[in-house]
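Working through the structure, step by step
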Amino acid sequence: MHLDRLITILEIVAVAGRPVSTTEIQKATGLPKPTCYRLIQTLQDQGLVEAPSGGGRVVIGERLIRIALLGKSDVDVRKAAGPLLKSAASHFRETVFLARFRNSQVEIIHAETPEDPARAFVHPGLGVRPMHACSCSKAIAAFAELEFQDKIISGSLKVYTDHTKTTDTELRAEFARIAERGFADCDQEIDVGIASVAAPVSIGNIGATFSVGAVGPIRRFGAERRSEMGRQLINLADRISGAIQLCNVAEV
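**Looking at the overall build of the protein**
- The helix and strand tally for the protein stands at 9 helices and 8 strands.
- With the C-alpha coordinates aligned to their principal axes, the bounding extent of the protein is approximately 70 × 45 × 25 Å.
- Burial status across the protein gives 48% buried among its 252 residues.
- Surface accessibility of the protein: about 12500 Å² in total, with carbon and sulfur atoms responsible for 52%.

Have a look at this one:
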């Protein structure tokens, strides 16, 4: 019975789509006021709901969003972000990809290619990417805890090309640079002639759980264009974050 009541309150808050007052919840559930207040406080203590304005009105909490996100399959995420990625591929006229962080690894889970049949493009492939030498991975690692960065730097770092960064000094400087400007790039660090740029996709206060990026031949991905695309990808990342969170909350 206690769990049923907690779930009922969560459903009411999730469906509302806006901050909900305790009075509104109490009227909707028909629970006695003391019981309703106590249950809401329990949910707040556990991070399942939170009062962002401090005025007593609650919304779905970060912890519940995290739980929903962890249960979200790649198919669900692609469905939420796919239209935005497709539009970006058309805008950039380059391949745009979405990567996901889980189990201490970053893997590309989806890619959209430009529709222009006369234009050659690069497909990044799907799967795990090195944490030290790929824009999608570095965009996430740069905003992770220092302990995680230390683990990356102290690990066995493969040299893919002459451009691959593997020293402590290089990687720490790289992470700092990424954190400062908000996006990462890869200048032929994995494959000669191929470059990419990516921005982290942060989910609320959970942090950078995804990254979105673009990849192409170095002749079209010079430093200036990578910087320009990086700034645009930051905006795209915000929109993707919103789409994923909206999808999560709607299904809680």
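After that view, the rundown keeps rolling.
**Considering the layout of surface pockets**
- Of the pockets and cavities examined, the second largest pocket occupies roughly 230 Å³.
- In this structure, the second largest pocket is lined by 15 residues; those nearest its centre are Ser-104, Met-131, Lys-151, Ile-152 and Leu-157.
- At the level of elements, β4 (105-112), β5 (127-129) and α7 (146-154) are the ones that each hand at least two residues to the lining of the second largest pocket.
- A per-element tally of the lining of the second largest pocket places α7 first, with 3 residues.

**Remarks on the packing of aromatic side chains**
- Applying the stated rule across the entire model yields 1 aromatic pair.
- Relative to Phe-148, the ring of Phe-101 lies with its centre 5.5 Å away and its plane at 70°, an arrangement referred to as edge-to-face. Taken together, the residues Phe-101 in strand β3 (residues 95-102) and Phe-148 in helix α7 connect sequence positions 47 residues apart.
- Between the NZ or CZ atom of Arg-225 and the centre of the ring of Phe-221, over which it lies, the distance is 5.5 Å.

**Some words on the pairing of strand β7 (residues 194-202)**
- A large share of β7 lies buried, amounting to 7 of its 9 residues.
- Inspection of the sheet shows strand β6 (residues 184-187) paired to β7 by 4 bridges, in the antiparallel sense. Counterpart to Asp-187 in the pairing with β7 is Ala-195.
- Hairpin connection between β6 and β7: a loop of 6 residues separates the two successive antiparallel strands, and Gln-188 in this loop has a positive phi of roughly 60°.

**A word on the packing of helix α1 (residues 2-16) against helix α2 (residues 22-29)**
- It is at 10 Å that the axes of α1 and α2 come closest, and there the two elements cross at 120°. Between α1 and α2, the interaxial angle falls into the category oblique. In terms of crossing hand, the pair formed by α1 and α2 is right-handed. Side by side, α1 and α2 meet where Thr-8, Ile-9, Ile-12 and Val-13 of the first sit next to Ile-25, Ala-28 and Thr-29 of the second.
- Here the contact of α1 with α2 is built from residues that sort into 5 nonpolar, 2 polar and no charged.

**Points about helix α5 (residues 74-92)**
- Remark: the principal bend of α5, roughly 50°, maps to Ala-81, with a proline, Pro-83, within the next four residues.
- Of all the residues in α5, the buried ones are Asp-74, Val-77, Ala-80, Ala-81, Gly-82, Leu-84, Leu-85, Ala-88, Ala-89 and Phe-92.
- Positive phi appears at Arg-93, one or two residues downstream of α5, with a value of about 60°.

What counts as what
- Residues numbered from 1 in each chain as written.
- Predicted model: local features only at pLDDT ≥ 70, side-chain atom pairs only at ≥ 80, totals over all residues.
- Heavy atoms only, no water.
- Helix = DSSP H or I, 4+ residues; strand = E, 2+ residues; numbered from the N terminus.
- Buried < 20%, exposed > 50% of the residue type's maximum accessible area, 1.4 Å probe, protein only.
- Areas by Shrake-Rupley, 256 points an atom, 1.4 Å probe, with all protein chains shown as cover.
- 1 Å grid on protein atoms, 1.4 Å probe; cavity = no way out; pocket = protein on both sides within 12 Å on 5 of 7 lines; lining within 4 Å.
- Points joined across faces, edges and corners; volume = space filled by probe spheres on them.
- Phe/Tyr/Trp six-rings, centres within 6.5 Å; stacked < 30°, edge-to-face > 60°.
- Lys NZ or Arg CZ within 6 Å of the ring centre and 35° of its normal.
- Pairing = 2+ DSSP bridges.
- Axes fitted to C-alpha atoms, helices over the stretch in contact; angles between N-to-C directions.
- Parallel < 35°, antiparallel > 145°, perpendicular 65-115°, else oblique.
- Left-handed = near helix turned anticlockwise from the far one by under 90°.
- Contact = heavy atoms within 4.5 Å.
- Nonpolar A, V, L, I, M, F, W, Y, C, P; charged D, E, K, R; others polar.
- Bend = angle between axes of the 7 residues up to and from the residue.

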